[in-house]
Structures are given as structure tokens and as C-alpha cells.
Amino acid sequence: VLYMLFETLGISMTTGITTAIILSLTPISSCICESIILKEKTTLMQKILLGLGIIGVIYIAVNTNTSDGKDTIAGIIFIVLAVLSGSLFAVFSRKSSTHFNSMEVTYFSAMLGMIAFNSVNIVRHISSGDILGYFSPLFNIQNLIGFIFLAIVSTIVATGMNNFALSKIQTSTASAFSGLSTVVTITVGVIFGGEHLYYFHYIGITLILIRMIGVSYISIKKTRSDTTKV
């Protein structure tokens, strides 16, 4: 609930570049949170690789023309809080995996989000004297298609897989894949939007993929080593 709230408010009050740069710090935030709360450690090389991926995302963001609008202090604070909320969600999802399975965690978080945001929406419509307006989007087929995709694919499926991954691997390792969303966005833009790849895309994508593969390889190697010792 807090992540979605802070991210939505932050994006509306900052430029695209600022948002992308601050959100790219999520792996470092996750690394710090898991160290404090879960007492799980990362190697020096994993920390270096996490930083390398951040450089890749920042490099793409700075070189992409997404600076429409202006930054505000409140917007930057909201995005920073979104990063912290997202990191804490990942950490506590991993911690909860010792008592609940990934779908139970997903069900609880999805239901909590549904109750919270629908309550806010209902209060907004009641205060404006337009309670029937709460139901009007449900009669638009395009809205329904969007709702179904966002609810099932982007929320239940995505969050469920994320929670499952967090039950098996460290939070910092899972966060190493966060930059992959940047790669997917660029790829979709090229395939469906007719956009072009520039040199900075190749450089940034390479750094992101190095981080993802490197952190995962070290994590797997460390897990096998611990298993062998046991």
C-alpha cells in the first residue's frame, strides 16, 4: 500500500530521469535492509555488481529525453520512501516465507491493497457526492481489459512469482533483477513502438545484465558451498 502510494505521488511530482535514478537505488536499499533485519550478508563482489547495475540504469536515464516537468522536494522524498517501502516489502516477504507460502503472502498483500485503495476511492466519491461514479469505469470494455491485466498479470502473477523467488533466494539477489524491467521497457519500445536503440542503451543494458548474471552466479556458488559444508 505504501509503495504504490509513494510511487504514484512521487512520479507526479518529479521528472522521469529523477524517478528512474532514485528507483534504481532499490537494490542497495534492499541490501542494507536485509543486512539489518534478516542478518543476511552479501559479498564485496555482489555489492560491486549491484552498484554496476545502478550505473547502467542511471546512464540510460540521463541519456534519454525524459526530463519533461520539474522536480519538487516532496516528489523526491516520496520516491525515496517508495524505494524504502519496496525494499521492506521484499525483506518481510522473505521473512514471512518461513511461516507462509508465497501465495498466502501474495493473497494477504493483494487483499490489503484492495481494501485500502477501494476505501480511499469510495470516500473520494462520497465526499464529492458522486458515489455512482465509483462503478462507471466498470462499464467500459477498455477499462475492464486494463483492470484484468493489471489485477491478474501485473499484480497476482508478478507479485506471486516475486514472493516465491524471495522465499528461495536473498533479497539482494532478487533485487539484482530489478534493472531487467528497464531492458524489457526498451525492448517493447523497439518492437512495438518503432523506437531506436542508441549506444547508451547498449552500454546500460550490458551493465544491467552483468549485474544480474554476476550476482546470481555468486549467490548460487555461495549456496552450493554452504550446502557442501553441511
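Residues numbered from 1 in each chain as written. Predicted model: local features only at pLDDT ≥ 70, side-chain atom pairs only at ≥ 80, totals over all residues. Heavy atoms only, no water.

Enquirer: Any chance you could break down the overall build of the chain for me, citing the residues and the numbers?
Expert: A count of helical and extended segments in the chain gives 10 helices and 0 strands. Listed N to C, the secondary structure of the chain is α-α-α-α-α-α-α-α-α-α in terms of helices and strands. Compactness check: the chain gives a C-alpha radius of gyration of 19 Å against a globular reference of 17 Å for 230 residues, within 12% of the reference. Here the C-alpha coordinates of the chain stretch approximately 65 × 45 × 35 Å along the principal axes. (Helix = DSSP H or I, 4+ residues; strand = E, 2+ residues; numbered from the N terminus. Rg over C-alpha atoms; globule rule 2.2 N^0.38 Å.)

Enquirer: How would you explain helix α7 (residues 141-168) if you had to name every residue and give the values?
Expert: In this model α7 runs 39 Å from its N-terminal to its C-terminal C-alpha over 28 residues, within 8% of the 40 Å that 1.5 Å per residue would give. A bend of about 30° at Leu 150 is the largest found in α7. Among all positions of α7, only Thr 159, Gly 160, Asn 163 and Leu 166 are buried. If you follow the buried residues of α7, they end up packed against α5 (73-96), α6 (102-127) and α8 (171-175). If you check the start of α7, you find a side-chain oxygen 2.9 Å away from the backbone N of Gln 142, and it comes from Asn 140. (Expected span 1.5 Å × (residues − 1). Bend = angle between axes of the 7 residues up to and from the residue. Buried < 20%, exposed > 50% of the residue type's maximum accessible area, 1.4 Å probe, protein only. Contact = heavy atoms within 4.5 Å. Polar contact = N/O pair within 3.5 Å; in protein donor to acceptor, adjacent residues only side chain to side chain.)

Enquirer: Could you give an account of the packing of helix α2 (residues 16-23) against helix α4 (residues 44-63), with specific residues and numbers?
Expert: The geometry of α2 relative to α4 is characterised by a closest axis approach of 9 Å and an angle of 180° between their N-to-C directions. Between α2 and α4, the angle is such that the two are roughly antiparallel. Contact residues: Ile 17, Ala 20 and Ile 21 in α2; Val 57, Ile 58, Ala 61 and Val 62 in α4. Among the residues making up the contact of α2 with α4, the classes are represented as 7 nonpolar, no polar and no charged. (Axes fitted to C-alpha atoms, helices over the stretch in contact; angles between N-to-C directions. Parallel < 35°, antiparallel > 145°, perpendicular 65-115°, else oblique. Nonpolar A, V, L, I, M, F, W, Y, C, P; charged D, E, K, R; others polar.)

Enquirer: Got a sec to walk through the packing of aromatic side chains? Specific residues and values, please.
Expert: The way to describe two aromatic rings as a pair is by their centre distance and the angle between their planes. The full count for this structure, using the stated rule, is 4 aromatic pairs. Relative to Phe 78, the ring of Phe 6 lies with its centre 6.1 Å away and its plane at 20°, an arrangement referred to as stacked. Of this pair, Phe 6 sits in helix α1 (residues 2-12) while Phe 78 sits in helix α5, placing them 72 residues apart in sequence. Judged by its relative accessible area of 21%, Phe 78 falls in the partly exposed class. For the ring pair Tyr 134 and Phe 135, a centre distance of 5.0 Å and an interplane angle of 90° mean the geometry is edge-to-face. Judged by relative accessible area, which is 40%, Phe 135 ranks as partly exposed. Among the aromatic residues, those joined into a ring-pair cluster are Tyr 198, Tyr 199 and Phe 200. (Phe/Tyr/Trp six-rings, centres within 6.5 Å; stacked < 30°, edge-to-face > 60°.)

Enquirer: Account for the state of the cysteines, with residues named and values stated.
Expert: Think of a disulfide as a covalent bridge from one cysteine sulfur atom to another cysteine sulfur atom. Summed over the entire model, instances satisfying the criterion amount to 0 disulfides. The structure places no disulfide on Cys 31, whose sulfur is separated from the nearest cysteine sulfur, that of Cys 33, by 9.5 Å. Given a relative accessible area of 10%, Cys 31 falls into the buried group. Judged by relative accessible area, which is 9%, Cys 33 ranks as buried. (Disulfide = S-S within 2.5 Å.)

Enquirer: Explain the side chain of Thr 106 to me, using residue names and the numbers behind them.
Expert: Examined against the element boundaries, Thr 106 turns out to sit in helix α6. Here Thr 106 falls in the buried class, since its relative accessible area comes to 3%. Separated by 2.8 Å, the side chains of Thr 106 and Asn 163 make a polar contact. In contact with Thr 106, not counting residues within four places along its chain, are Ile 156, Thr 159, Gly 160 and Asn 163.

Enquirer: Provide a residue-level description of the pattern of salt bridges, including the pertinent values.
Expert: Counted according to the given criterion, the structure contains 1 salt bridge. Here Glu 40 and Arg 94 are joined by a salt bridge, their closest N and O atoms 3.0 Å apart. Here the residue Glu 40 occupies a position in the loop between α3 (26-38) and α4, and Arg 94 occupies one in helix α5, the gap between them amounting to 54 residues. Here Glu 40 and Arg 94 have matching classes, each one buried. (Salt bridge = Lys/Arg side-chain N within 4 Å of Asp/Glu carboxyl O.)

Enquirer: Any chance you could break down helix α9 (residues 180-193) for me, citing the residues and the numbers?
Expert: Taking 1.5 Å as the rise per residue, α9 with 14 residues should run 20 Å; its terminal C-alpha atoms sit 19 Å apart, in good agreement. Every buried residue of α9 is listed here: Thr 182, Val 183, Ile 186 and Gly 189. Buried residues of α9 fall within an arc of 125° about the axis and therefore sit on the same side. Those residues of α9 that are exposed and aimed more than 90 degrees away from the buried face are Ile 191 and Phe 192. (Arc of directions from axis to C-beta.)

Enquirer: Can you break down the environment of Met 114 residue by residue, with the values?
Expert: Note that Met 114 resides in helix α6. Owing to a relative accessible area of 40%, Met 114 belongs among the partly exposed residues under this scheme. Taking the C-alpha atoms as reference points, Met 114 and Ala 151, separated by 37 residues in sequence, lie 10.0 Å from one another.

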